[in-house]
Amino acid sequence: VDPYSLTVIQNGFVIVDDEGKATNNTRSTARFQIAAVGDAADLHTAKKKFNFAREDLITLGKTQLLLPGLIDTHIHAPQYPNAGLGYDKPLLEWLDNYTYKLEKQYRDQELCKRVFDAVVRKTLDHGTTTACYFGSLFRDSTLVLASSVTRYGQRAFVGKINMTKLAPEDYIETAEKSIEDTLEFVKEVMDIGNPLIQPIITPRFALSVDMELMKKLGAIAKEQNLHIQTHISENKDEVKMVHELYDNKSYADVYNEANLLTPKTVLAHGIYLSEDEMKLLSKTGTSISHCPESNVNLGSGICDVRKLKNHGITLGLGTDVAGGASPSIITAMRSAISASTNLSFADENSKPLTYIDVFYLATLGGAKALALDDQIGNFQVGKSFDAIIVDLDVKSSSADYLSTDLTPQELLQNFC
Ligand code: GUN
Ligand code: ZN
């Protein structure tokens, strides 16, 4: 069975247990757990079995879809004010001219609160119930992001960036401070005691840190069983610099040497990976966050998603705000389809992604990429009831009324 397949239940039900005791999924952090899923014809029996009262039933309309919450596997919260700005320069110049200049302003706690609250609310508005965030270099500032996420109830990974070079002098840290602040940050996030939030080890990319620091970060991740995120092979000049800096090793080999490639690692982009690098990512269980909006805006290139998938690499979708201009994973879904269509113009053997493929990437694919698929990603019994309702009756911009005769498949296609 193709894991990228999709099941649509035309007239179905989901029973949710609000005490999280319906099944014995011990890893589940959910208060709201899925107890049963089925076809409307079986609802009567299920209601009896689960002792369900009539007043507990919520019925959706014909134009409404109940979907698993969307997952953004790569987003830079502090870059949100730059979304839509500065796409006249390729990656490394874009970082120098726009990104670091903005990020270094996050010493200001007021700015942190204002922007991070806005990012979390905006992504939730777009259906992102789980996000994997890059914070800033600053521990305090990134902790404010964790507070915003807690305030609005999103599920998230939050990472304090590690960066000791190749950025302005007032926006880098020493290796000692980098480790000290990372350890402190991890502890502080754990101390919040919110089961929906986890700290994530976040070296910016191989050009921002050296091997020694990366190794130390790899060791921390291992000791504390933490997730890891960074960037890989996004831009040709970047890849060339990595080769020059690290004795001609491949980008993936550099991370592997530092023990940063794990089943809990998600790497953004991966456009220019070699066969050997793809094999290494697959072997180590490392995932890729595909960020098509950003790849087009920064002229980075087009990632061949099918090729990565065929190598057995797990993929999710990322907005990569502010490389991506939109905080919406739905926009990333559309961009993934258009990018793959462009790729197929250039290579007749390459087949564009379908709406089912991108829906998978935005849900179960993302959950797998973040090693959360035992908890979220679809409506399997025992998982958290992590869901969104999408109503396609009135389209926000044009106020077109949608025919209510559409099947759920057609509604879903319309949504993409
Ligand atoms: N590589 C290193 N830092 C960044 C960043 O902030 N955004 C993107 N898109 N790529 C990066
Ligand atoms: Zn990024």
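Cut-offs applied
Residues numbered from 1 in each chain as written. Chains lettered and ligands numbered in written order. Predicted model: local features only at pLDDT ≥ 70, side-chain atom pairs only at ≥ 80, totals over all residues. Helix = DSSP H or I, 4+ residues; strand = E, 2+ residues; numbered from the N terminus. Rg over C-alpha atoms; globule rule 2.2 N^0.38 Å. Contact = placed C-beta atoms within 7 Å. Domains from an automatic or database assignment. Nonpolar A, V, L, I, M, F, W, Y, C, P; charged D, E, K, R; others polar. Near = placed C-beta within 6 Å. Expected span 1.5 Å × (residues − 1). Buried ≥ 20, exposed ≤ 12 C-beta atoms within 10 Å, placed from the backbone. Arc of directions from axis to C-beta. Axes fitted to C-alpha atoms, helices over the stretch in contact; angles between N-to-C directions. Parallel < 35°, antiparallel > 145°, perpendicular 65-115°, else oblique. Left-handed = near helix turned anticlockwise from the far one by under 90°.

**Section: the overall build of the protein chain**
Here comes step 1: From N to C terminus, the protein chain includes 14 helices and 13 strands.
Here comes step 2: Taken over C-alpha atoms, the radius of gyration comes to 21 Å for the protein chain, in line with the 22 Å a tight globule of 416 residues would show.
Here comes step 3: Based on the C-alpha atoms only, the size of the protein chain along its principal axes is roughly 65 × 50 × 40 Å.
Here comes step 4: Within the protein chain, contacts between residues at least 6 apart in sequence are counted, and of these 74% link residues at least 24 apart.

**Some words on the environment of I172**
Here comes step 1: Among the secondary structure elements, I172 is positioned in the loop between β7 (161-162) and α5 (175-192).
Here comes step 2: Expressed as a C-alpha distance, the spacing of I172 and A83, which sit 89 residues apart in the sequence, is 23 Å.
Here comes step 3: In contact with I172, not counting residues within four places along its chain, are M163, T164, K165 and A167.

**Describing the domain arrangement of the protein chain**
Here comes step 1: Domain boundaries assigned for the protein chain yield domain 1 (12-66 + 387-415) and domain 2 (70-369).
Here comes step 2: Just the C-alpha atoms count here: the centres of domain 1 and domain 2 sit 31 Å apart.
Here comes step 3: Looking at side-chain class alone, the side of domain 1 that touches domain 2 contains two nonpolar, two polar and no charged residues.

**Here's the deal with the site of ligand 1**
Here comes step 1: Around ligand 1, the structure places H76, L91, L95, T99, R204, F205, H231, E234, S294, D320 and G323.
Here comes step 2: If one sorts the elements of the shell around ligand 1 by residue count, helix α2 (residues 91-103) sits on top with three residues.
Here comes step 3: Of the residues in the shell around ligand 1, the class split is three nonpolar, five polar and three charged.

**Points about α5**
Here comes step 1: For α5, which comprises 18 residues, the first-to-last C-alpha distance of 26 Å matches the rise-based estimate of 26 Å (1.5 Å per residue) to within 8%.
Here comes step 2: Among the residues of α5, S178, T182, F185, V186 and V189 are the ones counted as buried. Along the axis of α5, the buried residues cluster in a sector spanning 100 degrees; they form a single face. Facing away from the buried side of α5 by more than 90 degrees, the exposed set consists of E176, K187 and D191.

**Some details on unusual backbone geometry**
Here comes step 1: Across the junction of V321 and A322, the peptide omega takes the value 10 degrees, indicating a cis bond.
Here comes step 2: Examined against the element boundaries, A322 turns out to sit in the loop between β12 (315-317) and α12 (329-346).
Here comes step 3: Even without being a glycine, N259 presents a positive backbone phi close to 60 degrees.
Here comes step 4: Turning to its location among the elements, N259 is positioned in the loop between α8 (251-257) and β10 (265-269).

**As for the packing of α5 against helix α6 (residues 211-224)**
Here comes step 1: Put simply, α5 and α6 touch, their axes get as near as 10 Å, and they point 20 degrees apart. With respect to α6, the element α5 is oriented roughly parallel. In the packing of α5 onto α6, the handedness of the crossing is right-handed. Along the contact surface, α5 presents A175, S178, I179, T182, L183 and V186, while α6 presents E212, L213, K216, L217, I220 and Q224.
Here comes step 2: The residue inventory of the contact of α5 with α6, partitioned by class, reads seven nonpolar, three polar and two charged.

**Description of the packing of α12 against helix α13 (residues 355-369)**
Here comes step 1: For the pair α12 and α13, the least separation of the axes is 9 Å and the interaxial angle reads 140 degrees. Between α12 and α13, the angle falls in the class oblique. Between α12 and α13 lies a crossing of right-handed hand. Between α12, through I329, M333, A336 and I337, and α13, the contact on the second element is made entirely by Y355, V358, F359, L361 and A362.
Here comes step 2: Across the contact of α12 with α13, the residue classes break down as nine nonpolar, no polar and no charged.

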